[in-house]
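The primary structure of each chain is shown beneath.
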Amino acid sequence: AQRVTQPEKLLSVFKGAPVELKCNYSYSGSPELFWYVQYSRQRLQLLLRHISRESIKGFTADLNKGETSFHLKKPFAQEEDSAMYYCALGLSLNQFYFGTGTSLTVIP
Amino acid sequence: EAGVAQSPRYKIIEKRQSVAFWCNPISGHATLYWYQQILGQGPKLLIQFQNNGVVDDSQLPKDRFSAERLKGVDSTLKIQPAKLEDSAVYLCASSLGLAGSTDTQYFGPGTRLTVL
């Protein structure tokens, strides 16, 4: 069965420190992986998707099929990065499975 | 462009009552999703429409939940009768629905339901 695991519910880092939010998935086919973010009092929105291979707001994520992971990384955390982050697995027919989310707090 | 609209934003009801939520997707988006997000959990897909047809409703508790998307645009999600465990945020999302791709989803603000 398809599953997305985000092992950390809460993550705190100091401003300027590197940050990594972990995501592991289980799926036997070819996955499409996404990171969605929800800032305080805002809607859930797409941060990045692996197929785009782009960096958004300094964040990057690499799909590692061998480890079935799609960890989100940023070398220098900023206060405005504090938010709830969800990893999502996309399948054919546009079906999505979300992880339970990681709440990131960047300490000034 | 206008985003996904949902109403109401908040609803408080007593158990065994009925409630309905409304969603208006982004214009031109063929795919519409309803998610349930219980506090502390990620969004869980309840039902997915492609135009006015159902693609996936495997996680919809069909004994009490129903959803429709007449004319392939707006959608309503109904709970009848509500239970305490239905307290959650109900999110609507839409995407272009292009064949052969996994689209970006655009989310509405959600409806926070409290069942007393």
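Everything that follows concerns the structure shown earlier in this document.
We now turn to the structure provided with this report.

**Quick word on the overall build of chain A**
Inference 1: Helix and strand content of chain A: 0 helices and 11 strands.
Inference 2: The order of helices and strands in chain A, counted from the N terminus, is β-β-β-β-β-β-β-β-β-β-β.
Inference 3: Here the C-alpha radius of gyration of chain A, 13 Å, is about what a compact globule of 108 residues would show, namely 13 Å.
Inference 4: In terms of its C-alpha atoms, chain A occupies a principal-axis envelope of roughly 40 × 30 × 25 Å.
Inference 5: Looking at chain A as a whole, 44% of its 108 residues qualify as buried.
Inference 6: Carbon together with sulfur atoms contributes 51% to the accessible area of chain A, which is approximately 5600 Å² in total.
Inference 7: Taken as two groups, the 12 positive and 9 negative side-chain charges of chain A have centres that lie 5 Å from each other.

**What about the interface of chain A and chain B?**
Inference 1: Counting from both sides, the interface comprises 18 residues of chain A and, opposite them, 24 residues of chain B.
Inference 2: For the pairing of chain A and chain B, the buried interface totals around 1700 Å² over both sides, and the portion due to carbon and sulfur atoms is 45%.
Inference 3: Three residues, Arg43(A), Asn94(A) and Phe96(A), lead the burial of chain A against chain B; their summed loss comes to 36% of the area buried on that side.
Inference 4: At the junction of chain A with chain B, the criterion picks out 0 salt bridges.
Inference 5: Between chain A and chain B we count 6 residue pairs in polar contact (both at pLDDT 80 or more) in total.
Inference 6: Listing elements by their share of the side of chain A that touches chain B, those giving two or more residues are β5 (32-38), β6 (45-49), β9 (83-91) and β10 (95-98) of chain A.
Inference 7: Looking at the side of chain A that touches chain B residue by residue, the class counts come to 9 nonpolar, 5 polar and 4 charged.

**Side note on the sheet that holds strand β3 (residues 19-21) of chain A**
Residue and element names in this part refer to chain A.
Inference 1: Overall, antiparallel pairing links the 3 strands, which are arranged β3-β8-β7 in an open sheet. Every other strand in the sheet has two partners, leaving β3 and β7 (60-61) as the edge strands with one partner each.
Inference 2: The pairing of β3 with strand β8 (residues 72-74) spans 3 bridges and is classified as antiparallel. Residue pairing across strands places Leu21 opposite Leu72, the latter belonging to β8.

**Comments concerning the nonpolar core**
All names here are of chain A.
Inference 1: Counting 25 residues, the largest nonpolar core has Trp35, Leu72 and Tyr85 as its most contacted members.
Inference 2: Of all the secondary-structure elements, those providing two or more residues to this core are β2 (10-14), β3, β5, β6, β9 and β11 (102-107).
Inference 3: It is β9 that contributes the most residues to this core, 5 residues altogether.
Inference 4: Leu72 has contacts with Val19, Glu20, Leu21, Trp35, Leu47, Leu48, Phe59, Thr60, Ala61 and Tyr85, leaving out every residue within four places of it along the chain.

**Digging into the side chain of Gln36(B)**
Residues and elements named next belong to chain B.
Inference 1: Here Gln36 lies in strand β4 (residues 31-37).
Inference 2: Residue classification places Gln36 among the buried residues on the basis of a relative accessible area of 9%.
Inference 3: Within the local environment of Gln36, its side chain forms a polar contact with the side chain of Tyr90, the two groups lying 3.0 Å apart.

**A short note on unusual backbone geometry**
Inference 1: In this model, Ser7(B) is joined to Pro8(B) through a cis peptide bond whose omega is -10°.
Inference 2: Within the secondary structure layout, Pro8(B) lies in the loop between β1 (5-7) and β2 (10-13).
Inference 3: Omega for the peptide link from Gln80(B) to Pro81(B) comes to -5°, which places this bond in the cis form.
Inference 4: Locating Pro81(B) in the fold gives a position in the loop between β8 (75-79) and β9 (88-95).
Inference 5: Positive phi values are uncommon outside glycine, yet Arg41(A) reaches one of about 65°.

Thresholds applied
Residues numbered from 1 in each chain as written. Chains lettered and ligands numbered in written order. Predicted model: local features only at pLDDT ≥ 70, side-chain atom pairs only at ≥ 80, totals over all residues. Heavy atoms only, no water. Helix = DSSP H or I, 4+ residues; strand = E, 2+ residues; numbered from the N terminus. Rg over C-alpha atoms; globule rule 2.2 N^0.38 Å. Buried < 20%, exposed > 50% of the residue type's maximum accessible area, 1.4 Å probe, protein only. Areas by Shrake-Rupley, 256 points an atom, 1.4 Å probe, with all protein chains shown as cover. Lys, Arg positive; Asp, Glu negative; His and termini not counted. Charge placed at Lys NZ, Arg CZ, Asp CG, Glu CD. Contact = heavy atoms within 4.5 Å. Buried area = accessible area lost by both parts, 1.4 Å probe. Salt bridge = Lys/Arg side-chain N within 4 Å of Asp/Glu carboxyl O. Polar contact = N/O pair within 3.5 Å; in protein donor to acceptor, adjacent residues only side chain to side chain. Nonpolar A, V, L, I, M, F, W, Y, C, P; charged D, E, K, R; others polar. Pairing = 2+ DSSP bridges. Core = buried A, V, L, I, M, F, W, Y, C linked by side-chain atoms within 4.5 Å.

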